[in-house]
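So you can see what is in the structure, the chains are spelled out below.
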Amino acid sequence: MGGLQWKRRVRGMLTLLFVSVCLTMLISHLLWPSITDLTEVEKCPACYGTSFCPAITGGFLTLHSFGAFAGFVNILGSKNVLFGMLGNQKVVLKKLGHTVELEQLDKMICKGAGLSSSCHVHEAIWQQGDLLHSMRQHVASQDSSLLLCPSVANLECLLSSVLYKTKGTSTEASLANIWTTLMINPEPLLLQVLQEQDGWPVTKYMGACGRVVVEEYAGEILTSYHNAPWLQRVHLAHQLLIAAHNFTDSHPLFGFYLTDISADNIAVDAQGKLRFVDLENVIVVDKNVPNEDRPQSWTIPHVSETFDCEGCFAFSSEDICSHRMSDHNFYAVCQHLLSPLAALDMIPGGLLHDMPPAHARVSELVQKCSESTEPSGRLRAAQDLTELLAEVLQQHGYSSMPKSPSCSLWDGCLEA
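Residues numbered from 1 in each chain as written. Predicted model: local features only at pLDDT ≥ 70, side-chain atom pairs only at ≥ 80, totals over all residues. Heavy atoms only, no water.

Undergrad: Can you explain the overall build of the chain? Please cite residues and give values.
TA: Scanning the chain from terminus to terminus reveals 17 helices and 11 strands. Every one of the 416 residues in the chain was classed for burial, and the buried ones make up 51%. When contacts within the chain are restricted to residue pairs at least 6 apart in sequence, those whose partners lie at least 24 apart make up 69%. Per element, the accessible surface of the chain, about 19,900 Å² overall, is 54% carbon and sulfur. (Helix = DSSP H or I, 4+ residues; strand = E, 2+ residues; numbered from the N terminus. Buried < 20%, exposed > 50% of the residue type's maximum accessible area, 1.4 Å probe, protein only. Contact = heavy atoms within 4.5 Å. Areas by Shrake-Rupley, 256 points an atom, 1.4 Å probe, with all protein chains shown as cover.)

Undergrad: Any details on helix α14 (residues 328-338)? Residues and values, ideally.
TA: Taken across its 11 residues, α14 has 11 buried, putting it largely inside the fold. Along α14, the residues classified as buried are His328, Asn329, Phe330, Tyr331, Ala332, Val333, Cys334, Gln335, His336, Leu337 and Leu338. Structurally, α14 contributes buried residues whose contacts are with α12 (230-250), β8 (254-258), β9 (266-268), α13 (317-321), α15 (360-371) and α16 (377-395).

Undergrad: Can you tell me about the state of the cysteines, naming the residues and giving the values?
TA: If you walk through the whole model with that rule in mind, you get 5 disulfides. Bridging Cys53 to Cys209, the disulfide has an S-S length of 2.2 Å. When the S-S torsion is 100°, as for the bridge of Cys53 with Cys209, the disulfide is right-handed. Placement of the pair is Cys53 in helix α3 (residues 53-57) and Cys209 in strand β5 (residues 205-209), with a sequence separation of 156 residues. The same class applies to Cys53 and to Cys209, which are both buried. (Disulfide = S-S within 2.5 Å.)

Undergrad: Any details on the packing of aromatic side chains? Residues and values, ideally.
TA: Within the structure shown, the criterion is met by 5 aromatic pairs. With a centroid separation of 6.2 Å and an interplanar angle of 25°, the aromatic rings of Trp200 and Phe247 are classed as stacked. With Trp200 in the loop between α11 (187-193) and β5 and Phe247 in helix α12, this pair connects stretches of sequence that are 47 residues apart. Arranged with centres 5.3 Å apart and planes meeting at 85°, the rings of Phe247 and Phe276 form a pair that is edge-to-face. Taken together, the residues span a long stretch of sequence, with Phe247 in helix α12 and Phe276 in strand β10 (residues 274-276) at a distance of 29 residues. (Phe/Tyr/Trp six-rings, centres within 6.5 Å; stacked < 30°, edge-to-face > 60°.)

Undergrad: Residues and numbers for the sheet that holds strand β1 (residues 61-63), please.
TA: Overall, antiparallel pairing links the 5 strands, which are arranged β1-β2-β3-β6-β5 in an open sheet. The outermost strands of the open sheet, each flanked by one partner alone, are β1 and β5. If you compare each strand with its neighbour and ignore which way they point, the axes differ by 30° on average. Sheet analysis places β5 next to strand β6 (residues 212-216), joined by 4 bridges and oriented antiparallel. For Ala208, the partnering residue across the bridge sits in β6 and is Val213. (Pairing = 2+ DSSP bridges. Axes fitted to C-alpha atoms, helices over the stretch in contact; angles between N-to-C directions.)

Undergrad: Please provide a residue-by-residue account of the environment of Gln192, values included.
TA: Within the secondary structure, Gln192 is located in helix α11. Counting along the chain gives 33 residues from Gln192 to Leu159, while the straight-line C-alpha distance between them is 8.4 Å.

Undergrad: Can you break down the pattern of salt bridges residue by residue, with the values?
TA: Enumeration according to the criterion identifies 16 salt bridges in this entry. The partner of Arg275 in a salt bridge is Asp269, and the shortest N-O contact between them spans 3.8 Å. Each member of the pair, Arg275 together with Asp269, is buried. Here Glu374 and Arg380 are joined by a salt bridge, their closest N and O atoms 3.7 Å apart. Judged by its relative accessible area of 46%, Arg380 is partly exposed. One connected set of salt bridges, linked through shared partners, spans Glu40, Lys43, Lys95, Asp106 and Arg211. (Salt bridge = Lys/Arg side-chain N within 4 Å of Asp/Glu carboxyl O.)

Undergrad: Break down the sheet that holds strand β4 (residues 146-149) for me, citing the residues and quoting the values.
TA: The 3 strands lie next to each other as β4-β11-β8, forming an open sheet whose pairing is mixed. In this open sheet, the two strands that pair with only one neighbour each are β4 and β8. Strand-to-strand, the axes of this sheet are offset by a mean angle of 20°, without reference to chain direction. Two strands pair when backbone bridges link them, and β8 and strand β11 (residues 282-286) are joined in this way by 5 bridges, in the antiparallel orientation. Residue pairing for β11: Leu258 is matched across the bridge by Val282.

This is the structure in structure tokens:
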């Protein structure tokens, strides 16, 4: 009997060991999936591009977690986001959408080619018709995450830095890459339009391989700085206001209005530089449309409405598109990041909470910028607030101030 019990105990231990190994392998697969499998490069050119493939196939990119949150983000995260290392550099890998969204795209490509839903998308992509025409239709839709308005005539100009810079890729393949990206998430396109190296407050785009894009890791999200020293938060607030100005007015041809500005979509690097890391939902206003395409209200600055509800980020894309300039970006920054009206689950009391009594003027201007309904009132308050915060920072030895980005890439469009 004793020998039988011993055998049962051994069998139980072996079973437990087997189950443990299987669970370990499953968790390891979820946390550390194969980069090659992630890319789905076999679906190209129905993909985001191939510029980063040599780094992946060469083994220069490895998956890592930067803390417990990053390690579990692929299990809990909704957008298939992973973290990795390129040599000594931290990077972020993005599939750009839910798995179901990518599956729906494949079905749409197959349907567009008149094939079954399980067709080979790398072949079916060539049977979608005029891809540029399809993109124009897509960005004209109010449901598009990248809305170009009030006209889509200058779409090629908007995307010129993407269309004509890809070396070793045919124009047709480049169009297929851009079309695929646009259908899922336009962020990589906008990161190539508003490039970090030109001074735009965004994360650096590093390239794509199949259905994965690689971006530079931009740092901890803004919510991590909720209880930072007040002057440090003033420095971040100043950068937010400068960013709102740049997105609105610094580009000679287009205004960029971010419709998903929240504290978890903004990161701060080790040097205190602030960058926007989620550019999925953006309204792009063509500031130089012909007279015949201009709405009657074109020359009047648009004033965003203020809604009496905590954390409500409401806006009208139709209204923004009807004006050459909108105060939308300042409304988003002041009301939803800086003021006490900011969402309680993100930054309770706003980024500039616990204002020192000596800086009551700052609090007053934050409120005006947040809630003003006067024509150009928010724009004036934002300008005054930006200048006041700059003075406060200079008084305390902050000499590094963000500057307007360069737009040299747009000379060709300006001449056209």
